[in-house]
Amino acid sequence: MKISIASDHAGFELKKEIVAYLKKKPGIEIIDMGTDSEHHSVDYPEMAAKVARSLQKQESERGIILCGTGIGISISANKFKGIRAALCHDAYTARMSRAHNNANVLAMGGRTTGKEVAFDMVDIWLDTEFEGDRHQRRVDLIASFEQD
Ligand code: RB5
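This structure is a prediction, so every number in the text was calculated from the model and none was measured.

The rules behind the values
- Residues numbered from 1 in each chain as written.
- Predicted model: local features only at pLDDT ≥ 70, side-chain atom pairs only at ≥ 80, totals over all residues.
- Heavy atoms only, no water.
- Helix = DSSP H or I, 4+ residues; strand = E, 2+ residues; numbered from the N terminus.
- Rg over C-alpha atoms; globule rule 2.2 N^0.38 Å.
- Pairing = 2+ DSSP bridges.
- Axes fitted to C-alpha atoms, helices over the stretch in contact; angles between N-to-C directions.
- Contact = heavy atoms within 4.5 Å.
- Phe/Tyr/Trp six-rings, centres within 6.5 Å; stacked < 30°, edge-to-face > 60°.
- Buried < 20%, exposed > 50% of the residue type's maximum accessible area, 1.4 Å probe, protein only.
- Near = heavy atom within 4 Å.
- Polar contact = N/O pair within 3.5 Å; in protein donor to acceptor, adjacent residues only side chain to side chain.
- Nonpolar A, V, L, I, M, F, W, Y, C, P; charged D, E, K, R; others polar.

Would you take a moment to explain the overall build of the chain for this structure?
Of regular secondary structure, the chain possesses six helices and five strands. Moving toward the C terminus, one meets the helices and strands of the chain in the order β-α-β-α-β-α-β-α-β-α-α. The C-alpha radius of gyration of the chain comes to 14 Å, within 12% of the 15 Å expected for a compact globule of 148 residues. Projected onto its principal axes, the C-alpha coordinates of the chain cover approximately 45 × 30 × 25 Å.

Written as structure tokens, this is what we have:
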């Protein structure tokens, strides 16, 4: 599976840990879209856009995005058609974001989430299938709002 990943400066350290973690997992290809330092401030909407456009162009199937809280970068990613970015904080929210919401982007906060919790979330998020059925109807409704 191909995964695009990006963060702002506040998410950089956790992104670095996640990239190293995912590189050890078989069958995963990472497209790291930056940023590359915690010392130079970058705007999280720009980083969200890189991952969102990468999914829209089908360069990757999933995205992972990080800022300080995960809030700004998830709000930004969700402005892009076809993107369902879920800000998750633990194993349960990561699992449900896949099972019920078919989230194609996982958002996390570099200043709110520790790396071991983040690794668990990433594993569960990658392994959990969308349940479809009534949840498909709801995801379709979300998509219909993209015409508004
Ligand atoms: C950057 O200081 C911070 O505002 C950003 O990383 C993020 O937390 C915004 O939602």
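Looking at this structure, how should I read the sheet that holds strand β5 (residues 105–109)?
Strand-to-strand pairing in sheets goes through backbone hydrogen bonds, with the strands running parallel or antiparallel. Strand order across the open sheet formed by five strands is β2-β1-β3-β5-β4, with parallel pairing between neighbours. Each edge of the open sheet carries a strand with a single partner, namely β2 (29–32) and β4 (85–87). If you compare each strand with its neighbour and ignore which way they point, the axes differ by 25° on average. Across the sheet, helix α5 (residues 115–127) is in contact with β1 (2–7), β3 (62–67) and β5; its angle to β5 comes to roughly 170°.

Honestly, the packing of aromatic side chains in this entry has me stumped. Any pointers?
Centre distance and the angle of the planes are the two values used to describe a pair of aromatic rings. Within the structure shown, the criterion is met by one aromatic pair. With a centroid separation of 4.2 Å and 5° between ring planes, the pair formed by Tyr-21 and Phe-119 is classed as stacked. Here Tyr-21 is found in helix α1 (residues 12–23), whereas its partner Phe-119 is found in helix α5, with 98 residues between them in sequence. Classification of Tyr-21 as partly exposed rests on a relative accessible area of 21%.

Honestly, unusual backbone geometry in this entry has me stumped. Any pointers?
As a rule of thumb, non-glycine residues mostly have phi less than zero, and peptide bonds are mostly trans rather than cis. The omega torsion of the bond from Gly-34 to Thr-35 falls at -5°, within 30 degrees of zero and hence cis. Mapped onto the elements of the fold, Thr-35 is located in the loop between β2 and α2 (44–56). Backbone geometry at Gln-58 places phi at a positive 60°, although glycine is not the residue there. Within the element layout of this structure, Gln-58 appears in the loop between α2 and β3. For Gln-58, a relative accessible area of 70% puts it in the exposed group. Of note in this structure, Asp-133 is not a glycine but carries a positive phi near 55°. One can find Asp-133 in the loop between α5 and α6 (134–144).

Any chance you could explain the site of the ligand here in plain terms?
The ligand sits among Asp-8, His-9, Ala-10, Tyr-44, Cys-67, Gly-68, Thr-69, Gly-72 and Arg-111. One nitrogen or oxygen atom from the side chain of Asp-8 is found 2.6 Å from an oxygen atom belonging to the ligand. Here an oxygen atom of the ligand and a backbone polar atom of Gly-72 are 2.9 Å apart. Across the shell around the ligand, the residue classes tally to three nonpolar, four polar and two charged.

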